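Working through the structure, step by step
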Amino acid sequence: MHKKIMLPLVMILLSTTACIGSLPGFLTNLMLMGTSSVVEAPPIETAVEVVSSSANPYEQFSYFRLDDGAWVLGVPDAPITIVEFADFNCPHCQSYKPTMDQIVWQYVLQGMANYEFRPFPILGDSSVEYAKLAICAGDLTGAGLWYASDILFDQAQSGASPLRAEEAVLGTLQIDFSAMNHCAEYVPMIEINRALAAESGVAGTPSIRVRYNGGELETIPGYEHGGGVPLAVLEDIITEAN
């Protein structure tokens, strides 16, 4: 009886601060928590800095790639990494973006923290297509992941279709249309991110986790299931880690 009552209650509370997917997807995440889901990652090197040839605001940052395929903005030896799971079409993620931007420009640029952005589509097919665009922008241009994410959040907020969003990303980052479409045919990072989210108890977007010294994901007390962590809380965590 208690379990039947608590599940809708948790969903109602979450919906005020985070976007949640359909009930079946939410239940699937609950069942996966604490299990090890293995999804094959693309063959890459771990923590190797790359150089981007595209002119975008993020080319002044260092960035590297983890062994599961995720891109990280910052330097491998930063003491803490802020990890965000987000859906571009989620209004809560859109309104939370200025907080993450402040973390990036105030702390990541100074080498005090890293930012690991994981597209996590939970709101249907359009969200999946948006996620593919961001991930492939990273695969094709490196720093393009974060530049594309800026564009995609703007496009999603204006109600743009995935096709219109793709045109904006390709035009701005000067990515070849055929290269993007070829990449988008197979994007394992979406399932990798979903499995990692389930293992770390993510139930809505945005969800924030942290890594200390490149370790495993950890939750922030009081923000375990979803909803943006206030800027002041993140700043305190980063300061303490340094």
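Read on for a plain summary of the structure. All values derive from a computational prediction rather than experimental measurement.

Notes on the pairing of strand β4 (residues 114-119)
Most of β4 is tucked away: six of the six residues are buried. Along β4, one buried face is formed by N114, E116 and R118 and the opposite face, lined by Y115, F117 and P119, is buried too. Of the strand pairs in this sheet, strand β2 (residues 71-73) and β4 are connected by two bridges, and their pairing is antiparallel. From the neighbouring strand, L73 faces β4, where its bridge partner is Y115. Where strand β3 (residues 80-86) lies against β4, six bridges are found, and the strand directions are parallel. Opposite E84, over in β4, you have F117 as the bridge partner. Once the chain exits β3 it traverses helix α3 (residues 91-108) before rejoining the sheet at β4, and the crossover so formed is right-handed.

Observations concerning the sheet that holds strand β1 (residues 63-65)
Through backbone hydrogen bonds, the strands of a sheet pair up, either in parallel or in antiparallel fashion. Within the open sheet, the five strands sit side by side as β1-β2-β4-β3-β5. Their pairing is mixed. Where the open sheet ends on each side, the last strands, each with one partner, are β1 and β5 (207-212). Direction aside, neighbouring strands of the sheet carry axes that sit 25 degrees apart on average. Judged from the three bridges that link them, β1 and β2 form a sheet pairing that is antiparallel.

Quick notes on α3
Taking 1.5 Å per residue as the helical rise, α3 with its 18 residues ought to reach 26 Å, and the 25 Å between its terminal C-alpha atoms agrees with that figure. Inspection of α3 places C93, Q94, Y96, K97, T99, M100, I103, V104, Y107 and V108 among the buried residues, and these make up the whole buried set. Residues of α3 that are buried in the fold lie against β2, β3, β4, α5 (144-157), β5 and α9 (231-241).

What to know about the packing of aromatic side chains
The tally for this structure, following the rule as stated, stands at eleven aromatic pairs. A centroid spacing of 5.8 Å and a plane angle of 35 degrees characterise the contact between Y58 and F61, whose relative ring orientation is tilted. The residues Y58 and F61 share a single accessibility class, namely buried. When the ring of F88 is compared with that of Y130, the centres are 6.2 Å apart and the planes differ by 40 degrees; the resulting orientation is tilted. Separated by 42 residues along the polypeptide, F88 in the loop between β3 and α3 and Y130 in helix α4 (residues 125-141) bring together distant segments of the chain. Accessibility expressed as a relative area gives 0% for Y130, which makes it buried. Through successive ring pairs, a cluster of aromatic residues spans F88, Y115, F117, Y130 and F153.

Some remarks on helix α7 (residues 177-184)
When α7 is considered as a whole, its buried residues turn out to be M180, C183 and A184. All buried residues of α7 project into a common sector of 95 degrees when viewed along the axis, lining one side. The secondary structure elements touched by the buried residues of α7 are α4 and α6 (162-173).

What about empty space enclosed by the protein?
Within this structure, the stated rule accounts for two cavities of 30 Å³ or more. The calculated volume of the largest cavity comes to roughly 120 Å³. Every residue lining the largest cavity is counted, 13 residues in all, and those nearest its centre are Y58, K97, D101, Y115 and D150. Looking at the lining of the largest cavity, the elements with two or more residues in it are α3, β4 and α5. If one sorts the elements of the lining of the largest cavity by residue count, α3 sits on top with five residues. Broken down by class, the residue content of the lining of the largest cavity amounts to eight nonpolar, one polar and four charged. In this structure, the second largest cavity spans a volume of roughly 80 Å³. What lines the second largest cavity is R65, G69, A70, W71, F117, P119, I135, D139, L145, M189 and N193. Put simply, the parts of the chain that give the lining of the second largest cavity at least two residues each are β4, α4 and α8 (189-199). Taken together, the residues that form the lining of the second largest cavity break down as seven nonpolar, two polar and two charged.

Definitions and cut-offs
- Residues numbered from 1 in each chain as written.
- Predicted model: local features only at pLDDT ≥ 70, side-chain atom pairs only at ≥ 80, totals over all residues.
- Heavy atoms only, no water.
- Buried < 20%, exposed > 50% of the residue type's maximum accessible area, 1.4 Å probe, protein only.
- Helix = DSSP H or I, 4+ residues; strand = E, 2+ residues; numbered from the N terminus.
- Pairing = 2+ DSSP bridges.
- Right-handed = clockwise from strand over helix to strand, strands pointing away.
- Axes fitted to C-alpha atoms, helices over the stretch in contact; angles between N-to-C directions.
- Expected span 1.5 Å × (residues − 1).
- Contact = heavy atoms within 4.5 Å.
- Phe/Tyr/Trp six-rings, centres within 6.5 Å; stacked < 30°, edge-to-face > 60°.
- Arc of directions from axis to C-beta.
- 1 Å grid on protein atoms, 1.4 Å probe; cavity = no way out; pocket = protein on both sides within 12 Å on 5 of 7 lines; lining within 4 Å.
- Points joined across faces, edges and corners; volume = space filled by probe spheres on them.
- Nonpolar A, V, L, I, M, F, W, Y, C, P; charged D, E, K, R; others polar.

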